[in-house]
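# Observations on the model geometry
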Amino acid sequence: MRLKEVMDTTGLKRSAIYKAISEGRFPKQVSLGARAAGWVADEIESWIMERIEERDMAYEEKKKS
């Protein structure tokens, strides 16, 4: 996936994506050439699924209290 598609899929802006990468909280891009990069679609989908699981766990914890 190229950056625009990653942004469209995640709802994150460019700066937020690169900040999260530098903090180890987002999948790293893959070099596609001297001036091109992309992301592995499965890694982006997994990242999204992890956010959904975190949301669901937080909801369940809140429901218990």
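What counts and how
- Residues numbered from 1 in each chain as written.
- Predicted model: local features only at pLDDT ≥ 70, side-chain atom pairs only at ≥ 80, totals over all residues.
- Heavy atoms only, no water.
- Core = buried A, V, L, I, M, F, W, Y, C linked by side-chain atoms within 4.5 Å.
- Buried < 20%, exposed > 50% of the residue type's maximum accessible area, 1.4 Å probe, protein only.
- Helix = DSSP H or I, 4+ residues; strand = E, 2+ residues; numbered from the N terminus.
- Contact = heavy atoms within 4.5 Å.
- Expected span 1.5 Å × (residues − 1).

### Some details on the nonpolar core
- Within the largest apolar cluster, eleven residues are counted, these being Met1, Leu3, Val6, Ile17, Ala20, Ile21, Phe26, Trp39, Ile44, Trp47 and Ile48.
- Elements that contribute at least two residues to this core include exactly helix H1 (3–10), helix H2 (14–22) and helix H3 (41–64).
- Those residues in contact with phenylalanine 26 that lie beyond four places of it in its chain are Val6, Thr10, Leu12, Ile17, Ala20, Ile21, Trp39, Ile44 and Trp47.

### Observations regarding H3
- Given a rise of 1.5 Å per residue, 24 residues ought to cover 34 Å, and the 35 Å separating the end C-alpha atoms of H3 matches this to within 8%.
- Taken residue by residue, H3 has Ile44, Trp47 and Ile48 as its buried positions.
- The secondary structure elements touched by the buried residues of H3 are H1.

On their own, these measurements won't tell you what the molecule is for.
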